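# An overview of the molecular structure
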Amino acid sequence: MHPLQFHITHQDNATKARLGTIVTDHGEIQTPVFMPVGTAGTVKAVTQQQLVDLGAEIILSNTYHLYLRPGHQLIRELGGLHSFMSWARPILTDSGGFQVFSISSLRHITEEGVAFRSHLDGSSHFLSPEKAIEIQICLGADLLMAFDECTAYPSDFLITREGMERTLRWARKSKEAFETHKGVSWPHRQWLFGIGQGGIYPELRRECIDRLLDIDFPGYAMGGLSVGEPKNLMYEMVDLSTDRFPVEKPRYLMGVGTPRDLVECIVRGVDMFDCVMPTRNARNGWLFTREGHIVIKNAQYAKDAGPIDPQCQCSVCRRYSRAYLRHLFHANEILSAILNTHHNLYFYLDTIQQIRDAIASRNLLNYVTEFRSKQEIA
Ligand SMILES: [Zn+2]
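Because the structure is a prediction, the values reported are computed rather than measured. (Residues numbered from 1 in each chain as written. Predicted model: local features only at pLDDT ≥ 70, side-chain atom pairs only at ≥ 80, totals over all residues. Heavy atoms only, no water.)

Turning our attention to the coordination of the zinc ion. Coordination sphere of the zinc ion, protein contribution only: Cys312 (SG), Cys314 (SG), Cys317 (SG) and His343 (ND1), at 2.1 to 2.3 Å. Positions of the donor residues of the zinc ion along the chain correspond to the pattern C-x1-C-x2-C-x25-H. Here His343 lies in helix H14 (residues 334–360) and Cys317 lies in helix H12 (residues 315–319), a separation of 26 residues in the sequence. For the pair formed by Cys317 and His343, the shared burial category is buried. (Donors = N, O, S within 2.8 Å, 3.2 Å for Na, K, Ca; no water. Helix = DSSP H or I, 4+ residues; strand = E, 2+ residues; numbered from the N terminus. Buried < 20%, exposed > 50% of the residue type's maximum accessible area, 1.4 Å probe, protein only.)

Structure, rendered in structure tokens:
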């Protein structure tokens, strides 16, 4: 059993923010880190080389989608996901649980797992802790996630507690399956993270974490957040969770969030994030800037010769005008998605880099104060 190396190089004095490095066999990851989402083995509208140029050190890929198409066995036969998609850097895969609960239809939960129908063709499938781990091992991810039940918001206390108890039983099964099957498929090492649930109930969140720690994982995630609950409740759940997690292990907030969320949760001690927001919003013409977001389709940009964000150093902002990007969007041109995605990912990765620099130079609180005055909370 190889422990996951996570070196904390700096702890902020005034907040819970820290700088660290996660070491995998596909390279090091500087934390806090934002992981672009490559749902189906591609971060939509950017090439793998562009991701490298943008400074992405790790991407997330979705177990549910790759299992349904093209299938994890095919990817394994073709050398694993790194080889298949030509991405040499680390990959984290989710467990498929969130997608099963959010986009598949006719799902039926039992103690063994979840029966569901594919959103692609309606075919029947069954995902269990054992199956979710088998798929992720076959894909060859560096960091894997335990299979969990994501409780919807709002859910009452009893329903949420039931989901939390099941999540804990599935976490144990996930770990057993992982310990049994890891290390046989690939020369590189793989690690399994546990996921805390408990909805918006502090006592459930705390209990779930305490019992996850007994099972023992090399890293811990917070799941079931940013699913419709008020922001202040999400921040509260993050705060009490990071107080509970061991200092020396990475903490991952799943599926979050806005630029403001990243900052608010980094000061609350989160190390890892993923979110479709920069990429999905880009395709919808929602562009992030250092002064808040703009909606590029709006008429006010029709004759605007300026860049998306005058403060942005990305290649899109150095070359193209808002007027041109608005035209591409309205004309439904493929280049619209490509350029918008490039800028939004640059913005997210650059924001994270600036936060890391602010932590390193002991200037985080000033940075956060200014950021809060410019970036909306929603
Ligand atoms: Zn830009």
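Here we come to a positive patch on the surface. On the surface, Lys44, Arg69, Arg280 and Arg283 cluster together into a patch of positive charge. With respect to the helices and strands, the residue Arg280 is situated in helix H11 (residues 277–283). Taking the relative accessible area as the measure of exposure, Arg280 reaches 46% and is therefore partly exposed. (Patch = residues over 30% accessible without salt bridge, like charges linked within 9 Å, V, L, I, M, F, W, Y side chains within 5 Å. Areas by Shrake-Rupley, 256 points an atom, 1.4 Å probe, with all protein chains shown as cover. Salt bridge = Lys/Arg side-chain N within 4 Å of Asp/Glu carboxyl O. Lys, Arg positive; Asp, Glu negative; His and termini not counted. Charge placed at Lys NZ, Arg CZ, Asp CG, Glu CD.)

With that settled, consider the sheet that holds strand E1 (residues 5–11). Here we have three strands laid out as an open sheet, ordered E1-E2-E3, and antiparallel in their pairing. Taken across any chain shown, the strands that pair with only one partner, and hence form the sheet edges, are E1 and strand E3 (27–31). Sheet twist, expressed as the average angle between the axes of neighbouring strands with direction ignored, equals 15°. The sheet contact formed by strand E2 (residues 18–24) and E3 spans five bridges and is antiparallel. Of the residues in E3, the one forming a bridge with Ile22 is Ile29. In this fold H14 packs onto E1, E2 and E3, with an angle of close to 120° to the strand it touches most, E2. (Pairing = 2+ DSSP bridges. Axes fitted to C-alpha atoms, helices over the stretch in contact; angles between N-to-C directions. Contact = heavy atoms within 4.5 Å.)

What follows covers the sheet that holds strand E8 (residues 114–117). Strands sit in the order E7-E8-E9 across an open sheet of three strands; the sheet is antiparallel. In this open sheet, the two edge strands, each paired with only one partner strand, are strand E7 (105–109) and strand E9 (124–127). For this sheet the average axis-to-axis angle between neighbouring strands, irrespective of direction, equals 20°. As paired strands, E8 and E9 are joined by four bridges and run antiparallel to one another. Residue Ala115 lies in a different strand from E9, and its bridge partner there is Phe126.

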